[in-house]
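For reference, the chains in residue letters:
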Amino acid sequence: GIGPRKTEFEVLQSMVNTVKENGSNGQFVHAGSSTVKLSQTFSQISSTLTSHRTTLLRDENLPTANQGSKVQKDFTMRETGKIVGKKMPSIKFVIGKRYTISRYRFDMTSFERKREPWKDVSLANHGANGLEIESKPFGKGSERLAYRFHEIKKDMHGCKRVGKMMVAKNSVH
């Protein structure tokens, strides 16, 4: 339930109890009005849906060893709290001899016309020629890790962040 503590959620709680009594998994979470609780609640919903989808799409004809036996990446979550400032342990990637950085945007018009819908576009900020990506994820879902990143502009004086902080996602497998 989402709302103030005084709000009545008896019907939702009753629905969860009925689901459990009939052998399924169900849970009631009161998120209140806290953005942290809301975020946790929606993350939990997403993880549950992904888990159910994976179970439903499992190929019954394959041997058990081939059924979704993905290995999860080894990672350490980013520290959180007041002590964490704007500095972050990161890795810098600059366009040039070592790296090619591409950004794509989905074009619905091309898709509807049966053409390649992914269009190569430049980085979001003018003059940006690289990325600075956090080395530790700040968030984790059932399928993805979330990292903070900035576009950077490298010149003879070094690298400077340009634009606002953004979020990059990477598979947990």
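Data block above holds the structure.
One structure accompanies this document, and this report is about it. (Residues numbered from 1 in each chain as written. Predicted model: local features only at pLDDT ≥ 70, side-chain atom pairs only at ≥ 80, totals over all residues. Heavy atoms only, no water.)

Observations regarding helix α1 (residues 10-21)
Look at α1: 16 Å from first C-alpha to last across 12 residues, which is about the 16 Å you get at 1.5 Å a residue. Just beyond α1, the residue with positive phi is G23, at close to 85°. (Helix = DSSP H or I, 4+ residues; strand = E, 2+ residues; numbered from the N terminus. Expected span 1.5 Å × (residues − 1).)

Quick word on a nonpolar patch on the surface
A grouping of Y104, F106, M108, F111 and W118 is seen on the molecular surface, where their side chains present a nonpolar patch of about 550 Å² in accessible area. Listing elements by their share of the nonpolar patch, those giving two or more residues are β2 (103-106) and α3 (108-112). Relative to the assigned elements, M108 resides in helix α3. For M108, a relative accessible area of 44% puts it in the partly exposed group. (Patch = residues over 30% accessible without salt bridge, like charges linked within 9 Å, V, L, I, M, F, W, Y side chains within 5 Å. Areas by Shrake-Rupley, 256 points an atom, 1.4 Å probe, with all protein chains shown as cover. Salt bridge = Lys/Arg side-chain N within 4 Å of Asp/Glu carboxyl O. Buried < 20%, exposed > 50% of the residue type's maximum accessible area, 1.4 Å probe, protein only.)

Considering unusual backbone geometry
Of note, the phi angle at K114 is positive, near 60°, even though the residue is not glycine. Here K114 lies in the loop between α3 and β3 (118-121). When its relative accessible area of 76% is taken as the criterion, K114 is described as exposed.

Description of the packing of aromatic side chains
The tally for this structure, following the rule as stated, stands at 2 aromatic pairs. Ring plane angle 50° and centroid distance 5.5 Å describe the contact between F106 and F111, whose orientation is recorded as tilted. Residues F106 and W118 carry aromatic rings whose centres are separated by 5.1 Å and whose planes lie at 65° to one another, so their mutual orientation is edge-to-face. One end of the pair, F106, is in strand β2; the other, W118, is in strand β3, with 12 residues separating them in the sequence. Site record: aromatic cluster; members linked through ring pairs are F106, F111 and W118. (Phe/Tyr/Trp six-rings, centres within 6.5 Å; stacked < 30°, edge-to-face > 60°.)

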